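# Structural overview for review
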Amino acid sequence: QQAYETLSVDLPILKGYYPAPKCITSSKAFSAMEITGVFTCWTMEAKANVDIPDYSRASTMAHELAHLHGFMREDEANYLAYLACMASDDPVVRDSGTMLAVIYSGNALAGQDMELYGELWSKYHPGMIRDFADNSAYWDQYEDTVISETADKVNDVYLKANEQEDGVKSYGRVVDLLLAEYREKNGLD
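The present account deals with the structure reproduced in this document. (Residues numbered from 1 in each chain as written. Predicted model: local features only at pLDDT ≥ 70, side-chain atom pairs only at ≥ 80, totals over all residues. Heavy atoms only, no water.)

Attention now goes to the overall build of the chain. Check the secondary structure of the chain and you find 9 helices and 3 strands. Element order for the chain, N to C, with α for helix and β for strand: α-β-α-β-β-α-α-α-α-α-α-α. Counting only C-alpha atoms, the chain reaches 45 × 45 × 35 Å along its principal axes. When each of the 189 residues of the chain is scored for burial, the buried share is 39%. Long-range contacts, defined as pairs at least 24 residues apart, comprise 56% of the intrachain contacts of the chain with a sequence gap of at least 6. Within the chain, the 31 negative side-chain charges are centred at a point lying 2 Å from the centre of the 15 positive side-chain charges. (Helix = DSSP H or I, 4+ residues; strand = E, 2+ residues; numbered from the N terminus. Buried < 20%, exposed > 50% of the residue type's maximum accessible area, 1.4 Å probe, protein only. Contact = heavy atoms within 4.5 Å. Lys, Arg positive; Asp, Glu negative; His and termini not counted. Charge placed at Lys NZ, Arg CZ, Asp CG, Glu CD.)

Shown next as structure tokens:
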């Protein structure tokens, strides 16, 4: 909430009320579906899976709050989550935003050039590598199950029905927004 308040100084479109995200009481069930958070439009609630690795909780909450404020596209919600986390005074929240950006950007790079990604990986701080290992260990228990694959397909159909043509791949399009920001800040075309 504080992070969005701070961010809204530079981005007035983000001014407004941000209620505290609620905890998903059945977080383990949501983990089984590989869902970290959800926005419920009928009750106007942002809800976060509290069973997920610590470093991703703040960015998940910020992502769901972006939906609550009317930004329904997944790439935009991820980008706003990143910006809000980076605007926070809390280093734990900033780390969460950084990890969101690093994960999506790293995955995009790995998909294009695994050798270059390996070089980048070798420069990561040991704490980041530990967080990635913990994250992988957590999600590996839920990966490629009937439940997770079904939930992924349902989410994909839902997103496409709501004019997000890339479906679940739209989450990763945050990299395009991160690159656009980098180019703008550094005067690149």
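Structure's up, so let's keep going.
Bringing the environment of Lys123 into the picture now. The topology assignment puts Lys123 in the loop between helix H6 (114-121) and helix H7 (126-140). When the C-alpha positions of Lys123 and Tyr142 are compared, they lie 29 Å apart, and in sequence the two are 19 residues distant.

Strand order across the open sheet formed by 3 strands is E1-E3-E2, with mixed pairing between neighbours. Strands at the two margins of the open sheet, each flanked by one partner only, are strand E1 (22-23) and strand E2 (37-40). Sheet topology places E2 next to strand E3 (residues 45-48); 4 bridges connect them, and they run antiparallel. Looking across to E3, one finds that Val38 is bridged to Lys47. Its contacts with the sheet put helix H3 (residues 57-68) on E2 and E3, and the angle it makes with E3 is roughly 160 degrees. (Pairing = 2+ DSSP bridges. Axes fitted to C-alpha atoms, helices over the stretch in contact; angles between N-to-C directions.)

Owing to its 3.6 residues per turn, the α-helix brings residues three or four apart onto one side. End to end, helix H9 (residues 174-185) covers 17 Å across 12 residues, agreeing with the expected 16 Å (1.5 Å per residue, within 8%). Val174, Val175, Leu178 and Glu181 are the residues of H9 that are buried. The arc that holds the buried residues of H9, viewed along the axis, is 120 degrees, so those residues lie on one side. Contacts from the buried residues of H9 go to helix H4 (74-87) and helix H5 (91-112). Immediately beyond the C-terminal end of H9, within one or two residues, lies Gly187, with a positive phi of roughly 65 degrees. (Expected span 1.5 Å × (residues − 1). Arc of directions from axis to C-beta.)

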